[in-house]
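# Summary of the model geometry
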Amino acid sequence: MLIALKLLGAIALLIYGMKVMSEALQKMAGPQLRHLLGAMTTNRFSGVATGALVTVAVQSSAATTVMTVSFVNAALLTLSQAISVIMGANIGTTLSAWIMSAGFSFNITNLVWPAFLIGIVIIQIGKHRYVGDFLFGLSFLLFALGMLRQTGIEMDLASKPAVVNFFASFDSGSYLTILLFLLIGTVLTCIAQSSAALMAITMVLCSTGAITIFQGIALVMGENIGTTLTANLAALSANTQARRAAMAHLLFNVFGVAWMLIFFFPFVRAVCRIVGVDPGSESVDPARLTFVLAAFHTGFNVINTALLIGFIPQMEKLVCRIIKPRKTDEEDEFRLKYIRGGIMKTPEISVLQAQKEIVVFGERMAKMHELLVELTKADEEQFPKLFERIQKYEELSDRMENEIGRYLGDVGEAHLSDETKEKIRVMLRQIGELESVGDSFFNLARILRRKNDNKITFTAEQEASVNEMLSLVGESIAQMNKALSGRREDQHIADSEAIEARINALRNALKKQNLDNLDARVYGYDNGTVFNDLIGECEKTGDYVINVVEARLGALRNGIRFRGIQIDPDARMVSVDRETVSLTKHEYALFKLFVENPDRVFSTEELIAAVWPDGSVDSGRTLESYLSRVRKKMGQYAAHLVSIPDSGYCFQAEL
């Protein structure tokens, strides 16, 4: 019983160690990992290479396949690209088998203790937390392998008659036995949700002589099928393309096992010869058997990929025939499009899915604006139907905010990088402001209903003014969606600010004109109140819209900006290309003076008087020293701060 518990405990430690190590590597890779997958082309060979490299990097084929399925779900990868990446993941995962076989060949427990010590120290220091987490996971992995090796020796299954007789009852040369062990391997992997765990058990059984190498390899083949369950479970509630990607993973491995069964015994004997093992010999080095398992695992997956890489288009057609679109997969404007329960495995991908959903949120607000414009022109028959649709969109915006917010909250409970935490905080603000846009549009619809109910008729001038204001709001929505869907680096808040300024100016002019018209009795008080409410609510909508843009771009609406330089005068904070810059009081004063006065030439005397009004500095040499430090902190914009002979200094907008 004690030995059995030690075996189960060692397997648990192995799974935990690989999980911690994989998660730490994913966090260290962070955006680079996403960009590597996201930059995939239609080249199937680069797809295979990428899948293999990412799996080797994160030490988890499950993480790579789930990540790939998530990318398909978020429309960041096509189905054919995903299939090639999954093929590569199957090759990359074979590294785990080689690591385990090395662990069974010699006692690596002695390496564990220094790794544990260094890992804990790094975690406590906190500066390179993910490196510490990786070492911590690696330590558990090595410790578990050492325990498995020792437990296998203690079990000494080869000397247990009951065990020997049980496995001897299976004819190793029979295809029926191979099929049975393949099924056992598949079922156990599905239950354990870890092919690494079953690979470790297989190595223990082979190295102790409990099972033959043929039976062990049959278990490995079963593991290859069983491991596909992870991606298929992740895709259960995903969209059609994501489910097809997961199905392609299953078909790829099932096809591989099918052709391998045809050539099973010759192929296994060939692998044994390469490793230097005679499968029929009574005395075989147990450590070598684990290397046979690893060699078979690699050879099988490499050959399977080589055979099928030319048939990716055909595989794509096949999975499309097997998995038909659900009725709910048809365009339904009242449901979330990318976020589905059960697919959230890696926080980095979850954040991408949420951002894609926010883009959809923005598009729906644009549709709501279109409906509102139609409402202003609707007759008595059309008005109730359009109003009801706008009301449904307002309810939709509430649900979207709640569901995306809940999803981001679940993601936020994981151990995240600081960058990912900041992204979640920003996205929560975006969805809050988008929901306010929906509320504001519904308020406008209710004001229009009040106008209709009270039989109020606007003058031609008022109609034109309302249309002009709604047109500007439409422009702001379009600019907002451009910011949400595009790369942040390519967007500028100045574009949205210009529209917002026009909305504010028009609001002020129309309110003044409304008061003048009321005084001149051009129309009645009820008419003027409804008109005023419409104009005021439009301006509020513009505020919410620019708040979304501000959150998305990380910009300050009332700050001082020059390209990637941003200054918050209230907080006395400066950032250059979104990196906060630490400045002393006088460095900040110089920095701010130049950036808010581009192209103005300041003499030495003017700068000293502006920055040191108390007269504490009166030397040009001291000023030069400060300017030198400011230039260093301006990063790529240092070249803009120039010295003009006989004139002074200038921050040039254009070089």
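Computed from a predicted model, the values in this text were never measured in an experiment. (Residues numbered from 1 in each chain as written. Predicted model: local features only at pLDDT ≥ 70, side-chain atom pairs only at ≥ 80, totals over all residues. Heavy atoms only, no water.)

### Focus: the packing of aromatic side chains
Two aromatic rings, taken as a pair, are described by how far apart their centres are and by the angle between their planes. Condition: Each Phe, Tyr or Trp ring, with Trp reduced to its six-membered ring, pairs with another whose centre is within 6.5 Å; inter-plane angles below 30 degrees give stacked pairs, above 60 give edge-to-face pairs, and intermediate values give tilted ones. Partly exposed residues are those whose accessible area sits between 20% and 50% of the maximum for their type, while under 20% is buried and over 50% is exposed, using a 1.4 Å probe and protein chains only. Throughout this description, the term charge over a ring refers to an Arg CZ or Lys NZ atom that lies within 6 Å of the ring centre and within 35 degrees of the ring normal.
On inspection of all chains with the given rule, the structure shows 14 aromatic pairs. Ring plane angle 90° and centroid distance 5.8 Å describe the contact between F594 and F602, whose orientation is recorded as edge-to-face. As far as the burial class goes, F594 and F602 line up, both buried. Among the aromatic residues, those joined into a ring-pair cluster are Y175, F214, F264 and F265. Positioned above the aromatic ring of F458 is the side chain of K451, whose terminal nitrogen or guanidinium carbon lies 4.9 Å from the ring centre. We note R629 situated over the ring of Y626; from NZ or CZ to the ring centre the distance is 4.4 Å.

### Side note on the confidence of the model for the chain
Basically, it comes down to this: Every residue is assigned a pLDDT by the predictor, reflecting its confidence on a scale from 0 to 100. Any pair of residues with heavy atoms lying within 4.5 Å of one another is described as a contacting pair.
When pLDDT is averaged along the chain, the result is 80; 78% of the residues meet or exceed 70. In this model, residues 328-334 is a region of pLDDT below 50 whose contacts with residues beyond four sequence positions or in other chains number 17 contacts.

### What to know about unusual backbone geometry
Stated formally: Secondary structure counts use DSSP, requiring at least four H or I residues in a row for a helix and at least two E residues in a row for a strand, with both numbered from the N terminus.
Even without being a glycine, D599 presents a positive backbone phi close to 70°. Secondary-structure assignment places D599 in the loop between α23 (585-595) and β5 (601-602). Note on D599: relative accessible area 48%, which makes it partly exposed. The phi dihedral of D646 falls on the positive side, at around 65°, and the residue is not glycine. Relative to the helices and strands, D646 is located in the loop between β6 (641-644) and β7 (648-651). Look at D646 and you get exposed, because its relative accessible area is 87%.

### Observations regarding the pattern of salt bridges
Condition: The salt bridge definition used is simple: a Lys or Arg side-chain nitrogen within 4 Å of an Asp or Glu carboxyl oxygen.
One pass over the full model with this rule turns up 11 salt bridges. In this structure, D533 and R450 form a salt bridge, with 2.8 Å as the shortest nitrogen-oxygen distance. Of this pair, D533 sits in helix α22 (residues 525-553) while R450 sits in helix α19 (residues 418-453), and the two are 83 residues apart along the sequence. Look at D533 and you get partly exposed, because its relative accessible area is 28%. A relative accessible area of 32% means that R450 is categorised as partly exposed. The salt bridge partner of R600 is E606, with a shortest N-O separation of 3.9 Å. Here the residues in one salt-bridge network are E587, R629 and K633, joined through shared partners.

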